[in-house]
Amino acid sequence: MSCCAPGAEGSFDRPLPSSAELKLASRIVGPGLRQTDLSVPQVHCGTCITAIEKALNGLPLVERARVNLSMKRVTIIWKEKVGNEPADPAILITAIVGATGYDAHLFANMEDAGDMLQRDLIRAVAVSGFAAANIMLLSVSVWSGAEASTRDLFHWISAMIAAPALIYGGRFFYQSAWKALRGGRTNMDVPIALAITLSYAASLWETMHHGEHAWFDATVSLLFFLLIGRTLDHVMRDRARAAITGLARLSPRGATLIGADGSREYRAIEDITPGDRIAIAAGERVPVDGVVETGASDMDVSIVNGESAPKPVKPGDQLQAGTLSLTGSLVLRATTAAKDSFLSEVISLMEAAEGGRARYRRLADRAAQYYSPAVHLLALAAFLCWGFIGGDWKQAMLVSIAVLIITCPCALGLSVPVVQVVAAGRLFKNGIMVKDGSAMERLEEVDAVLFDKTGTLTLGRPRLLNIDRIDEKHLALAAGLAVHSRHPLSQALAHAVSGPVVIFETVKEIPGQGLESTTPTGIYRLGNRYFALSGPDEASPGNGLSETVLSLDGREIATFRFDDMPRPGAQSVVASLSAKGFETGMLSGDRREVVANLAIRLGLHHWQAELSPKQKAQFCTSLAEKDRKVLMVGDGINDAPALAAAHVSIAPATATDIGRQAADFVFMHDSLEAVPLAIDLSRRAGRLIRENFALAIGYNIVAVPIALAGYATPLIAAIAMSTSSIIVVANAMRLNGALTKSVPSNAAQSLGEGARLA
Amino acid sequence: MNMLVYLIPIALFLGGLGLCAFLWSLKSGQYEDLEGASWRMLRDDPPE
């Protein structure tokens, strides 16, 4: 992609949000000021920032505009009125498109709560880091020989620094531990909460009695390390979520209603009731299920069945919410309210399917299930033994606290998130986004891979097959007509021709049929065979996505044949997955012969054709019942229930909103290589996590006897804890060194493509 | 020993200053677009 030159990629083929839609989505930030957040997925360099900000700040209605490159968003504060005229926010979008050629669209603004938690966590890390550093300085003085009143002073200062840090930073652990205990369970946070509380209490008691040892440093640095782990875990989840929702093309927020008297009014989607008449222009999505009253068009129904062949509609036909009108305008009578529409039905199907995944327990939680009772028993045993045998209950208390501090689950609390963050970073560099850490743990266990056909194994875009056999003159003629249409076949034709095209002055589009232009030479037609030749041709009935005919006055000039393009690397990926011992299969809603043909060509083990979304999900569940761990790769709304039902799932960035929401991983490049790469990295990450567990256990075997014997002074505890943390983090970083393979493709390019197709 | 009466508060104050600076920078949104910031500093035209 040439970098953000004005008009470099004038992609007007997607509908831009209307003025009314923008106003509905904006929020009031001050008197007469509104804020709109737009997602511009193709933004990728400094020039883009300058171009967009300059264009927006030049507009009279813009108060200020700022591009966020990491989130690929533009935040615009604009005035409701310029002078006395009400401002039209639609210019904002046209300004961005005009300056860069990139699409700008609205996105669902819903993850504010996650942002708040992340900020709280980072603040807690900063506070506990400050406390840990200062207490450590004071402790070093104590270890190097401060005595008597000086030592007491240092201990008191430490106690005063530690207390607020413990409350401020420790609340995350206290809350979670309390929640677990109240539910009658135990989790990793229980031993953590117990260790920091007890060690603080004991140290305070020691300080009051002019004792020699205090563990304030251990308490606070433990908190610091564990908070880092918690924050990393959260940041990773949040970043992927932001990137995925940034791509989201929102389903319409409203629609133009036609009143009984013919008046037009833009209303929010929730306010549409059955019986309302809705106007849908070419390029708009259908907001609710309904029946066509007047008009005709070709509908993009890929959202329903996953296939890219458009479906012609005429008055009386049923339309599902979310489908896109490509060529004509329609008047629709709503038959359901938004909440009962097709989309909502799919969502409820997904929620029903998600049970299996919700039952999955994180590796760290499973480990904690054994770890925390063991640690608590050990500490209790040490306390009782020292108490009864030694008779010194104070000493017994100190020993059991030392055991709790030494065994505190740094490896679990810190190393798992570190490994997963490093792995997610690597995947991100290769254009793969991970929703959360548990997805990688689940992907590691996979032994069967199922693919959807259209949009996953194939790109879901038609490709001109017989370009070599067609005269260049005819190509130029056909492309000249085709540029006037949004129909996928026309677009494929227009894209396929690189040379100059013939310019037609007036082109008429007949929805469901094709294009027509009257010229001095005669009437050119480009469309289905029946339409182009103005008469039935019994020999070869056109079937939508296979051919287009160009004719002059009803005589055939050329026939263009199309086929769906397999995704790059599909064949090699399937072959390499089979070679690694995975079972491979294809679940498709398409016709039997097409599916069989592709399955044989790619060498898949199993295939199932003509499946409904529900059957796809059932197939996944039935495999799960046979104790298979299924990875589902799919993109459409019809795949969403299966994506949710599978053990783990991957979707391409070109997937529908719901497909992306349902999937655990989203890959940005065209190539399917992302699938084996993600599996490979997840396995490596899993191996590192287990290595870290082994290291942690080994460390405990050495350190616990020292603690039990009563030799664990605060100095030894501090050293042991820091070394173990550093070792597990260093081990996690090894993931960065290995695995040099990367997918050679331009991320921004495929991101852009994805956004446009989405 | 007497020096400590001055030195410890000074050390804590300086550390606290750093902490406050960090919390302020976090609050004023300086970590929100790290990628964009690295491009912006190369920009020639004066910031608005």
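Conventions we followed
Residues numbered from 1 in each chain as written. Chains lettered and ligands numbered in written order. Predicted model: local features only at pLDDT ≥ 70, side-chain atom pairs only at ≥ 80, totals over all residues. Heavy atoms only, no water. Helix = DSSP H or I, 4+ residues; strand = E, 2+ residues; numbered from the N terminus. Buried < 20%, exposed > 50% of the residue type's maximum accessible area, 1.4 Å probe, protein only. Areas by Shrake-Rupley, 256 points an atom, 1.4 Å probe, with all protein chains shown as cover. Contact = heavy atoms within 4.5 Å. Salt bridge = Lys/Arg side-chain N within 4 Å of Asp/Glu carboxyl O. Expected span 1.5 Å × (residues − 1). Bend = angle between axes of the 7 residues up to and from the residue. Polar contact = N/O pair within 3.5 Å; in protein donor to acceptor, adjacent residues only side chain to side chain. Nonpolar A, V, L, I, M, F, W, Y, C, P; charged D, E, K, R; others polar. UniProt positions renumbered as here; feature names shortened; annotations may be inferred. Pairing = 2+ DSSP bridges. Axes fitted to C-alpha atoms, helices over the stretch in contact; angles between N-to-C directions.

A. The arrangement of the overall build of chain B in detail. When you go through chain B residue by residue, the secondary structure sums to two helices and zero strands. Counting over 48 residues, chain B shows a buried share of 19%. Of the roughly 3800 Å² of accessible surface on chain B, 72% is carried by carbon and sulfur atoms.

B. Focus on the overall build of chain A. Regarding its fold elements, chain A presents 26 helices and 28 strands. For chain A, buried positions account for 54% of its 758 residues. In chain A, once contacts between residues fewer than 6 apart in sequence are set aside, the share between residues at least 24 apart is 70%. A total accessible area of about 31500 Å² is found for chain A, and carbon and sulfur atoms account for 58% of it.

C. Structural view of the pattern of salt bridges. Counted according to the given criterion, the structure contains 17 salt bridges over all chains. Residue B:Arg40 pairs with A:Glu53 through a salt bridge whose shortest N-O separation is 2.8 Å. One end of the pair, B:Arg40, is in helix 2 (residues 34-40); the other, A:Glu53, is in helix 2 (residues 46-57), on a second chain. For the pair formed by B:Arg40 and A:Glu53, the shared burial category is buried. A:Lys314 is paired through a salt bridge with A:Asp317; the nearest N and O atoms lie 3.8 Å apart. In this structure A:Asp317 comes out as buried when scored by relative accessible area, which is 19%. Residues joined by salt bridges that share partners form a network here, namely A:Arg277, A:Glu293 and A:Arg333.

D. Region of the structure containing helix 24 (residues 674-708) of chain A. Residues and elements named next belong to chain A. Given a rise of 1.5 Å per residue, 35 residues ought to cover 51 Å, and the 49 Å separating the end C-alpha atoms of helix 24 matches this to within 8%. Of all the bends found along helix 24, the most pronounced is centred on Ile701 and spans about 30 degrees, while Pro705, a proline, follows it within four residues. Looking one or two residues past helix 24, Gly710 carries a phi angle of roughly 85 degrees, positive in sign.

E. Seen up close, the interface of chain A and chain B. Across the boundary between the two partners, chain A contributes 24 residues, which contact 23 residues of chain B. For the pair chain A and chain B, the number of links is one salt bridge. Scanning the region where chain A abuts chain B turns up three residue pairs in polar contact (both at pLDDT 80 or more). With eight residues, helix 4 (residues 112-143) of chain A is the largest single contributor of residues to the side of chain A that touches chain B. Counted by class, the side of chain A that touches chain B contains twelve nonpolar, eight polar and four charged residues.

F. Summary view of the UniProt feature "transmembrane region" (unreviewed entry) in chain B. UniProt records the feature "transmembrane region" (unreviewed entry) for residues 6-26 of chain B in the present numbering. Note that residues 6-26 of chain B is 100% helix and 0% strand, and that its end C-alpha atoms are spaced 30 Å apart.

G. Quick peek at the UniProt feature "transmembrane region" (unreviewed entry) in chain A. With numbering matched to this structure, UniProt assigns "transmembrane region" (unreviewed entry) to residues 121-141, 153-174, 186-202, 214-232, 370-389, 401-425, 692-709 and 715-733 of chain A. Taken end to end, residues 692-709 of chain A comprises 94% helix and 0% strand; its first and last C-alpha atoms sit 26 Å apart.

H. Quick peek at the side chain of A:Glu206. Looking at the element boundaries, A:Glu206 is found in helix 6 (residues 189-208). Excluding residues that lie within four positions of it along the chain, A:Glu206 makes contacts with A:Gly211, A:Glu212, A:His213, A:Lys394 and A:Leu398.

I. Structural context of the sheet that holds strand 2 (residues 33-39) of chain A. Residues and elements named next belong to chain A. Spatially, 1-2-4-3 is the arrangement adopted by the four strands of the open sheet, whose pairing is antiparallel. With partners counted over all chains shown, the strands left at the sheet margins are strand 1 (27-30) and strand 3 (62-68), one partner each. Here the strands of the sheet are splayed against their neighbours by 25 degrees on average, with no regard to which way each runs. As paired elements, strand 2 and strand 4 (residues 73-79) share seven bridges and run antiparallel to each other.

J. Structural context of the environment of A:Ser141. Residue and element names in this part refer to chain A. As for its position among the elements, Ser141 is in helix 4. C-alpha separation for the pair Ser141 and Arg151, spaced ten residues apart in sequence, amounts to 8.4 Å. Beyond its immediate sequence surroundings of up to four residues, Ser141 is in contact with Ala146 and Phe154. Within the structure, the side chain of Ser141 is placed 3.0 Å from the backbone oxygen of Leu137, a separation counted as a polar contact.

K. Spotlight on the pairing of strand 7 (residues 254-258) of chain A. All names here are of chain A. Where burial is concerned, most of strand 7 is hidden: four out of the five residues are buried. From the end of strand 7 to the start of strand 8 (residues 264-268), which pair antiparallel, there are five residues, and Gly262 there has a positive phi angle of about 85 degrees. Where strand 7 lies against strand 9 (residues 277-280), three bridges are found, and the strand directions are antiparallel. Bridge assignment links Ile258 to a residue of strand 9, and that residue is Arg277.

L. Geometry of unusual backbone geometry. Residue and element names in this part refer to chain A. Even without glycine at this site, His210 takes up a positive phi of about 55 degrees. Tracing the backbone through its elements, the reader meets His210 in the loop between helix 6 and helix 7 (216-247). By relative accessible area, which is 54% here, His210 ends up exposed. For Asp627, which is not glycine, the phi dihedral falls at a positive 70 degrees. With respect to the helices and strands, Asp627 occurs in the loop between helix 21 (613-625) and strand 26 (630-633).

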